[in-house]
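Structural description and commentary
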Amino acid sequence: MLAPLNEPAFPDTATWLPMRDRLLAALRRAAPRHTLMWGGHEWCSAASLLEATPPADRNTIAEVHDYAGGDAGAVQARFADMAAWRDRHRLPVLVTELGGPQAHAEDRAALAADLRASLPVLRRLRLPATLWTYTHGGWWRLQPGEDSAPYPELRAALG
């Protein structure tokens, strides 16, 4: 899978979509069999994906980044629209970055609570997720140092 641009930052969907389509076309010429991934104009936010239409190239996956956190009800409200968008367009959606609010970036207990609220909802909605991050700095870090195992409280939250 290839993605032409991580977290595009464009003023609006109308400006982003022609650029997205040109980037996807260039990638498609170089990689005719790869699945291509793209997100919405606003750093791959859920809101900006909901405004987008899928590209003509059907061998793509839409990606969403989410750092809002919240209880299960808030997560359900935010991602039910994503699942409906996915079903309407018959295009896979992958939550490629998931974490809690910025205030929880280095607070393991808060991050564990965010994961316990978010992951069951995403599973019910059939929205696969990857976390940010495993080894990068301190932000939303899952494991101590270079250990391969996550912190116990995060491992428990992951289920």
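Please refer to the structure placed before this passage.
First, a word on what this report is: a plain description of the structure on this page.

1. Quick look at the overall build of the protein
Counting its secondary structure elements, the protein contains 5 helices and 3 strands. For the protein, the succession of helices and strands along the chain, N to C, is α-β-α-β-α-β-α-α. Relative to the compact-globule value of 15 Å for 159 residues, the protein shows a C-alpha radius of gyration of 16 Å, a close match. Counting only C-alpha atoms, the protein reaches 45 × 35 × 30 Å along its principal axes. Here the protein holds 159 residues, and the buried ones make up 43% of them. Intrachain contacts of the protein at a sequence separation of at least 6 include 65% that bridge at least 24 residues. With an accessible surface of roughly 8000 Å², the protein has 58% of that area assigned to carbon and sulfur atoms. Charged side chains of the protein number 17 positive and 18 negative; the gap between the two group centres comes to 9 Å.

2. Quick look at the environment of proline 8
Structurally, proline 8 can be placed in the segment before α1 (13–30). Between the alpha carbons of proline 8 and valine 64 there is a distance of 11 Å; along the sequence they are 56 residues apart. The residues touching proline 8, leaving out its near neighbours within four places in the chain, are Trp16, Gly39, Gly40, His41, Glu42, Trp43 and Cys44.

3. Topic: helix α4 (residues 108–124)
An α-helix turns once every 3.6 residues. As a result, residues three or four positions apart point the same way. Helix length check: α4 (17 residues) gives 24 Å between terminal C-alpha atoms against 24 Å at 1.5 Å per residue, within 8%. Those residues of α4 not exposed but buried are Ala110, Leu111, Ala112, Asp114, Leu115, Ala117, Ser118, Leu119, Val121 and Leu122. The secondary structure elements touched by the buried residues of α4 are α3 (72–89), β3 (93–98) and α5 (152–158). The N-cap residue of α4 is aspartate 107: its side-chain oxygen and the backbone nitrogen of alanine 109 are 3.2 Å apart. Count one or two residues on from α4 and you reach arginine 126, which has phi positive near 60°.

4. Quick look at the packing of aromatic side chains
A full pass over the atoms with the stated rule returns 3 aromatic pairs. A ring pair is formed by phenylalanine 10 and tryptophan 16, whose centres lie 4.9 Å apart and whose planes are at 40°; its orientation type is tilted. For phenylalanine 10, a relative accessible area of 22% puts it in the partly exposed group. With a centroid separation of 6.1 Å and 65° between ring planes, the pair formed by tryptophan 38 and tryptophan 85 is classed as edge-to-face.

5. Observations regarding the pairing of strand β1 (residues 36–39)
Burial of the side chains of β1 extends over both faces: Leu36 and Trp38 are buried on one face and Met37 and Gly39 on the other. Pairing of β1 with strand β2 (residues 60–66), which is carried by 4 bridges, proceeds in the parallel orientation. Its bridge partner being in β2, leucine 36 is matched across the sheet by threonine 60.

Conventions and cut-offs
- Residues numbered from 1 in each chain as written.
- Predicted model: local features only at pLDDT ≥ 70, side-chain atom pairs only at ≥ 80, totals over all residues.
- Heavy atoms only, no water.
- Helix = DSSP H or I, 4+ residues; strand = E, 2+ residues; numbered from the N terminus.
- Rg over C-alpha atoms; globule rule 2.2 N^0.38 Å.
- Buried < 20%, exposed > 50% of the residue type's maximum accessible area, 1.4 Å probe, protein only.
- Contact = heavy atoms within 4.5 Å.
- Areas by Shrake-Rupley, 256 points an atom, 1.4 Å probe, with all protein chains shown as cover.
- Lys, Arg positive; Asp, Glu negative; His and termini not counted.
- Charge placed at Lys NZ, Arg CZ, Asp CG, Glu CD.
- Expected span 1.5 Å × (residues − 1).
- Polar contact = N/O pair within 3.5 Å; in protein donor to acceptor, adjacent residues only side chain to side chain.
- Phe/Tyr/Trp six-rings, centres within 6.5 Å; stacked < 30°, edge-to-face > 60°.
- Pairing = 2+ DSSP bridges.

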